[in-house]
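# Understanding the architecture of this molecule
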Amino acid sequence: MGNVLDRVRRCADAIREKTSFTPRTALILGSGLGGFGERLSLEAVVEYSEIPGFPISTVPGHQGRFLFGYVGQEPVVVMQGRVHYYEGYPMEDVVLPTRVMAQLGAKRLVLTNAAGGIGSQLEAGDLMLLTDHIASFVPSPLIGPNEDQLGTRFPDMTEVYSLRLREKALAAAQKLGIRLKQGVYLQTTGPQYETPSEIRMYQALGAHAVGMSTACEAMVARHMGMEVCGISCVTNLAAGLSDKALSHEEVQETADRVAQSFQSLVWELLSTIEE
Ligand code: HPA
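In this report, we go over the structure that sits alongside the text. By convention here, each chain's residues receive numbers from 1 onward along its written sequence. Given that the model is predicted, a residue must reach a pLDDT of at least 70 before its local features are reported, and side-chain atom pairs must reach 80 or more before they are shown or counted; all residues, however, enter totals for whole chains, interfaces and linings. Only hydrogens and water are set aside when side-chain values are computed; all heavy atoms of the structure are taken into account.

### A closer look at unusual backbone geometry
Of note, the amide linkage connecting Gly190 to Pro191 takes the cis form, showing an omega dihedral of 0°. You can see Pro191 is positioned in the loop between β7 (180–187) and α5 (196–205). The backbone of Thr214 sits at a positive phi, close to 75°, despite the residue not being glycine. By the secondary structure assignment, Thr214 is in the loop between β8 (209–211) and α6 (215–223). Using a 1.4 Å probe on the protein chains alone, a residue whose accessible area is under 20% of its type maximum counts as buried, one over 50% counts as exposed, and one in between counts as partly exposed. We classify Thr214 as buried; its relative accessible area is 0%. Helix and strand assignments come from DSSP, with helices taken as H or I runs of at least 4 residues and strands as E runs of at least 2, each series counted from the N terminus.

Right under this line is the structure:
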């Protein structure tokens, strides 16, 4: 296995053997956003299975490959499929792809996900810009010997989700006439959905949406000095907030319904991200 830095470098080297493309922005696609890749002016595709030691997703609806290409003028690397902690991968593996994208040259990270709505102002089908996160319910991906070459031992998390990128995302939404709400994302381990009591606790803690990814990736990205933006697709109201039981099918259905506007928003954000 070796240490984290060796793993990151080995994965980046394996990708470098397939493409010399240097991304400036990295994008991780959540549920329902898989189709984003079709819009990309594609330069290269690297399957995760071609990268030694790379974690591969077991979740239905998640693919497993990196797309390299352009959104307008912006050189991007897109992760079509991510792995989650609940799949049994250690946190180090869950966040390895994020670190590899940074190693390849990405300075910015746009994270997307599906989430349950907790905030009273959220409805199923809403898009929510992350203003902050609560990651206290998952192990920190930064536990272990610190790789000083990646970042500092005790990284600051005051502004995980860059104000500059939030303003870009809000401007993109306004230009497209897409309603973009804002709030705090709370990461759980999953894979079970929450109980109504847990949701009431998360409400009391100040969370607006809950999901099983993203905060851990945002933390390692900040550790490496990347500028981070996060957008959730609120696929359902969280447990106890509607009279329906939760299901992965409902999550996927809503994600698919909102996919077009979500994709347009992310596209507009990426194509204006450098300005
Ligand atoms: N809870 C946790 N994760 C989720 C949810 C939810 O309600 N919806 C989509 N991802």
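### What to know about the nonpolar core
Phe66, Phe68 and Val100 are the most contacted members of the largest nonpolar core, which has 41 residues in total. The dominant element in this core, judged by the number of residues it contributes, is helix α1 (residues 4–16), at seven residues. Formed by 28 residues, the second largest nonpolar core is a distinct cluster that contains Leu29, Val71, Val258 and Leu265. Working definition of a nonpolar core: buried Ala, Val, Leu, Ile, Met, Phe, Trp, Tyr and Cys residues. They are joined through side-chain atoms within 4.5 Å.

### Side note on the layout of surface pockets
In the cavity and pocket records, a cavity denotes points on a 1 Å grid over the protein atoms alone where a 1.4 Å probe fits but cannot get out, a pocket denotes an open set with protein on both sides within 12 Å along at least 5 of 7 lines, and lining residues are residues with an atom within 4 Å of a point. Grid points are joined across faces, edges and corners, and a volume is the space filled by probe spheres set on the points. Computed from the structure, the largest pocket encloses a volume of approximately 400 Å³. Lining the largest pocket are 24 residues, and of these Tyr86, Tyr193, Met212, His248 and Val251 lie nearest its centre. Elements supplying a minimum of two residues to the lining of the largest pocket: β5 (108–117), β8, β9 (227–237) and α7 (248–271). A total of four residues in the lining of the largest pocket trace back to one element, the largest contributor, which is β5. Under the convention adopted here, Pro, Cys and the residues Ala, Val, Leu, Ile, Met, Phe, Trp and Tyr are nonpolar, Asp, Glu, Lys and Arg are charged, and Gly plus all remaining residues are polar. Along the lines of polarity and charge, the residues of the lining of the largest pocket split into 11 nonpolar, 11 polar and two charged.

### Regarding the site of the ligand
All residues in the neighbourhood of the ligand are listed as Ala114, Ala115, Gly116, Tyr193, Glu194, Val210, Gly211, Met212, Thr235, Asn236, Leu246 and Val251. A distance of 3.4 Å separates a nitrogen atom of the ligand from a polar backbone atom of Ala114. Residues adjacent in sequence count toward polar contacts only when both atoms are side-chain atoms; beyond that, a polar contact is any pair of N or O atoms within 3.5 Å, and within protein one must be able to donate a hydrogen and the other to accept it. A distance of 2.9 Å separates a nitrogen atom of the ligand from a polar side-chain atom of Glu194. Among the secondary structure elements, those contributing two or more residues to the shell around the ligand are β5, β8 and β9. Of the residues contributing to the shell around the ligand, the split by class is seven nonpolar, four polar and one charged. The near set for a molecule or strand comprises every residue that places at least one heavy atom within 4 Å of it.

### Remarks on the pairing of strand β6 (residues 127–134)
Within β6, six of the eight residues are buried, leaving the element largely enclosed by the surrounding structure. DSSP calls a pair of strands paired once it identifies at least 2 bridges connecting them. In terms of strand pairing, β6 meets β9 through three bridges, oriented antiparallel. Bridge pairing in β9 places Met128 opposite Ser232.

### A closer look at the packing of aromatic side chains
The aromatic pairing rule takes the rings of Phe, Tyr and Trp, using the six-membered ring of Trp, and pairs them if the centres are within 6.5 Å, calling planes under 30 degrees apart stacked, those over 60 edge-to-face and the rest tilted. All told, the structure shown has eight aromatic pairs when counted by the stated rule. Ring centres of Tyr48 and Phe66 lie 5.2 Å apart, and the angle between their planes is 70°; on these two criteria the pair is classed as edge-to-face. Linking Tyr48 in the loop between β2 (41–47) and β3 (65–71) with Phe66 in strand β3, this pair joins segments that are 18 residues apart in sequence. Overall, the relative accessible area of 2% leaves Tyr48 in the buried class. Overall, Phe66 belongs to the buried group, its relative accessible area being 0%. Summarising the aromatic geometry, the rings of Phe66 and Phe68 are spaced 6.1 Å apart at their centres and angled 45° between planes, so their arrangement reads as tilted. Overall, the relative accessible area of 0% leaves Phe68 in the buried class. Taken together, the aromatic side chains of Phe21, Tyr48, Phe54, Phe66, Phe68 and Tyr70 make up a single cluster linked through ring pairs.

### Observations regarding the pattern of salt bridges
Pairing is possible between side chains that carry opposite charge, provided their charged atoms lie close to one another. For this document, the term salt bridge refers to a Lys or Arg side-chain nitrogen within 4 Å of an Asp or Glu carboxyl oxygen. Taken as a whole and assessed by the stated rule, the structure comprises 13 salt bridges. Among the ionic pairs, Arg108 bridges to Glu274, the shortest N-O distance being 2.8 Å. Of this pair, Arg108 sits in strand β5 while Glu274 sits in the segment after α7; the two residues are 166 residues apart in sequence, bridging distant segments of the chain. Take Arg108: its relative accessible area is 6%, and that puts it in the buried class. By relative accessible area, which is 44% here, Glu274 ends up partly exposed. Here Arg164 ties to Glu227 by a salt bridge, and the two come within 2.7 Å at their closest N and O atoms. Residue Arg164 is found in helix α4 (residues 163–176), and its partner Glu227 is found in strand β9; the two are separated by 63 residues along the sequence.

Nothing here speaks to function; it is all geometry.
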